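Listed below are the residues making up each chain.
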Amino acid sequence: MDSVKACAERILAAHDRIDVLINGAGVNATRPTFTEDGFEMNWAVNYLAPILLTRLLADRITASAPARIVYLVTNLAFLDRINMDEIAAKPDFATSEAYVESKLSGSMFMIDLAQELESKGVTVNYLHPGNIRSNLLRDLTGADRIMGYVIRVAASPTEVGADRIVRLAASSEFDGITGAYLVEDTIRPAHPEAQNASLRKQLSRITERALKNWLPVDEPASGEAVLP
């Protein structure tokens, strides 16, 4: 998280405006791997890092309105439910759950952030760009690695995914649209767990505790005050 904070400081020092923020970095860690902060790698890279970066840049983004925030997710249909009690660190590590849960968590945060920033001229949307050729599955092993190769062969060119991301970030067709979940080119209903306000509030508390050492004082990780 120190590297994320340093990145935000460099951006703020170099740019007076931030018109678009695209949170696109991601990892699919296949073995129990932890950052030097003690966070599970999928949770750290796919969720905590973009949320911290977004929060640290939020004032500059709102000052630059109209502006847009885009967050990349995966196909969330693979997860039935999210276990908030185990999400930050999973003793019984499961690759598919750790990765998808981190992305679902991001979508839940973005729903709340969209509501928070709607009146400030900033739209917040999240996108599953489809099965796109990338190196995201590079760490798969065994039978999963073979499946990953098959998926990569059948995947759409990288440029297809890039076009969908840029359209959501810049096209006039998305003017005024916020809090939306897009699958490729179509707006879809949010995951049922993401529609649960109680779960989202629980996630905001978990996030606040995880990021308290890097967020400014009295800056909650969600748009609302954190309950004791």
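Just so we're clear, the structure is a prediction, and the values are computed from it rather than from any experiment.

A. Structural view of unusual backbone geometry. Here the residue pair A65 and P66 is connected by a cis peptide bond, since its omega of 5° sits within 30 degrees of zero. As for its placement among the helices and strands, P66 is situated in the loop between α2 (41–63) and β2 (67–72). In the Ramachandran plot, E184 falls in the positive-phi region, its phi being about 60° despite a non-glycine side chain. Within the element layout of this structure, E184 appears in the loop between β4 (181–183) and β5 (186–188).

B. Quick peek at the pairing of strand β1 (residues 20–23). Burial along β1 is one-sided: the residues L21 and N23 are buried and none of V20 and I22 is. In this sheet, β2 lies alongside β1 in parallel orientation, the contact comprising four bridges. Following the sheet pairing, N23 is matched in β2 by Y71. Once the chain exits β1 it traverses α2 before rejoining the sheet at β2, and the crossover so formed is right-handed.

C. Up close: helix α5 (residues 158–170). Over its 13 residues, α5 runs 18 Å from end to end, which matches the ideal 18 Å to within 8%, given 1.5 Å per residue. When α5 is considered as a whole, its buried residues turn out to be G161, R164, I165, L168 and A169. When α5 is viewed along its axis, its buried side chains cluster within an angular range of 130° and face the same direction. Opposite its buried face, α5 presents the exposed residues E159 and A170, each directed more than 90 degrees away.

D. Main features of the pairing of β2. Most of β2 sits inside the fold, with six of its six residues counted as buried. Residues A67, I69 and Y71 point to one face of β2 and R68, V70 and L72 to the other, with burial holding for every one of them. One ladder, built from six bridges, connects β2 with strand β3 (residues 122–128); its direction is parallel. Looking across to β3, one finds that R68 is bridged to T123.

E. Representation of the packing of α2 against helix α6 (residues 197–211) within the structure. Running from N to C, α2 and α6 point in directions that differ by 85°, and their axes come no closer than 11 Å. Between α2 and α6, the angle falls in the class roughly perpendicular. Touching W43, Y47, L48, I51 and L52 of α2 are L203, I206, T207, A210 and L211, all from α6. In terms of residue class, the contact of α2 with α6 is built from nine nonpolar, one polar and no charged.

F. Looking closely at the pattern of salt bridges. Going through the model one piece at a time under the given rule, you end up with eight salt bridges. A salt bridge links E184 to R164; its shortest N-O distance comes to 3.9 Å. Here E184, found in the loop between β4 and β5, pairs with R164, found in helix α5; they are 20 residues apart in sequence, far enough to count as distant. Classification of E184 as partly exposed rests on a relative accessible area of 36%. Accessibility expressed as a relative area gives 13% for R164, which makes it buried. Across the pair R167 and E173 runs a salt bridge, and its minimum N-O distance is 3.0 Å. For R167, a relative accessible area of 23% gives the class partly exposed.

So, how was this worked out
- Residues numbered from 1 in each chain as written.
- Predicted model: local features only at pLDDT ≥ 70, side-chain atom pairs only at ≥ 80, totals over all residues.
- Heavy atoms only, no water.
- Helix = DSSP H or I, 4+ residues; strand = E, 2+ residues; numbered from the N terminus.
- Buried < 20%, exposed > 50% of the residue type's maximum accessible area, 1.4 Å probe, protein only.
- Pairing = 2+ DSSP bridges.
- Right-handed = clockwise from strand over helix to strand, strands pointing away.
- Expected span 1.5 Å × (residues − 1).
- Arc of directions from axis to C-beta.
- Axes fitted to C-alpha atoms, helices over the stretch in contact; angles between N-to-C directions.
- Parallel < 35°, antiparallel > 145°, perpendicular 65-115°, else oblique.
- Contact = heavy atoms within 4.5 Å.
- Nonpolar A, V, L, I, M, F, W, Y, C, P; charged D, E, K, R; others polar.
- Salt bridge = Lys/Arg side-chain N within 4 Å of Asp/Glu carboxyl O.

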